[in-house]
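In case you want the letters, here they are:
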Amino acid sequence: MRAVLRLFAIGIGYCLAVGVTTAAVTVLFAFIGEGDRLVEGLSALVFFASMLPVFGAFALKAWLPIVVIAEWQSWRNWLVYVGLGMGVGIVGAFLGPDGVVDAAPLAASAALGGLTYWLIAGRNAGRWQVADSR
């Protein structure tokens, strides 16, 4: 039962982390430039809605091995998830469809996603493996 609840927490943590990462990318890329803020805000909403599944699918390929190793090794330190999130963001900057994009906003956004995942699921990584000592 603990493993099933843990899988549920991992899924919720991943979905929320992808949402936070996508929102941060949207804000960083849409509102940094010059121009009409209303048009940029509306286009940012459309960008957010369209990019959420894209970021989710792309990040799953990178985060799945990280989550498996973190659960197996019981990594519970928030710095691990923030650092690995930044690494995924930097790699994602070079693997994007348009080639190299600015890596700093992607790394910062992915670090926020890693922190979000840690808050939801990473703090208890590997605890389902430990038998109750009651």
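Located above this text is the structure these notes cover.
Each value, and the rule that gives it
- Residues numbered from 1 in each chain as written.
- Predicted model: local features only at pLDDT ≥ 70, side-chain atom pairs only at ≥ 80, totals over all residues.
- Heavy atoms only, no water.
- Helix = DSSP H or I, 4+ residues; strand = E, 2+ residues; numbered from the N terminus.
- Buried < 20%, exposed > 50% of the residue type's maximum accessible area, 1.4 Å probe, protein only.
- Contact = heavy atoms within 4.5 Å.
- Areas by Shrake-Rupley, 256 points an atom, 1.4 Å probe, with all protein chains shown as cover.
- Patch = residues over 30% accessible without salt bridge, like charges linked within 9 Å, V, L, I, M, F, W, Y side chains within 5 Å.
- Salt bridge = Lys/Arg side-chain N within 4 Å of Asp/Glu carboxyl O.
- Axes fitted to C-alpha atoms, helices over the stretch in contact; angles between N-to-C directions.
- Left-handed = near helix turned anticlockwise from the far one by under 90°.
- Nonpolar A, V, L, I, M, F, W, Y, C, P; charged D, E, K, R; others polar.

Chemist: Mind showing me how you'd approach the overall build of the protein chain here?
Modeler: Broken down by element type, the protein chain carries four helices and zero strands. The order of α-helices and β-strands along the protein chain, N terminus first, is α-α-α-α. For the protein chain, with 134 residues in total, the buried portion stands at 35%. Counting only contacts in the protein chain whose residues sit at least 6 apart along the sequence, the fraction spanning at least 24 positions is 74%. Carbon and sulfur atoms make up 75% of the accessible area of the protein chain, which amounts to about 8100 Å² in all.

Chemist: Explain the side chain of Thr116 to me, please; I cannot follow it from the model alone.
Modeler: Here Thr116 is to be found in helix α4 (residues 103–120). Sequence-distant contacts of Thr116, that is, excluding residues within four places in its chain, are made with Leu16, Ala17 and Val20.

Chemist: Please explain the environment of Arg6 as it appears in this structure.
Modeler: Examined against the element boundaries, Arg6 turns out to sit in helix α1 (residues 2–30). It is 8.5 Å that separates the C-alpha atoms of Arg6 and Ala125, two residues lying 119 residues apart in sequence. Contacts of Arg6, omitting those with residues within four sequence positions, involve Glu71, Ala121, Gly122, Asn124, Ala125 and Trp128.

Chemist: What's the story with a nonpolar patch on the surface in this structure? I'm lost.
Modeler: Taken together, the side chains of Phe8, Ile12, Leu16, Leu119 and Ile120 define a hydrophobic patch exposed on the protein surface, amounting to about 450 Å² of accessible area. Contributions of two or more residues to the nonpolar patch are made by α1 and α4. The element best represented in the nonpolar patch is α1, accounting for three residues. Here Ile12 lies in helix α1.

Chemist: Even after reading the chapter, I still don't get the packing of helix α3 (residues 78–94) against α4, so can you show me in this structure?
Modeler: The description of two helices packed together rests on the angle between their axes and the distance between the axes. Across the interface, α3 lies against α4 with an axial gap of 7 Å and an inter-helix angle of 145 degrees. Along this stretch, α3 crosses α4, giving a crossing that reads as right-handed. Facing α3, whose interface residues are Trp78, Tyr81, Val82, Gly85, Met86, Gly89, Ile90, Gly92 and Ala93, α4 presents Ala103, Leu106, Ala107, Ala110, Ala111, Gly114, Leu115, Tyr117 and Trp118. Per-class residue counts for the contact of α3 with α4 are 14 nonpolar, four polar and no charged.

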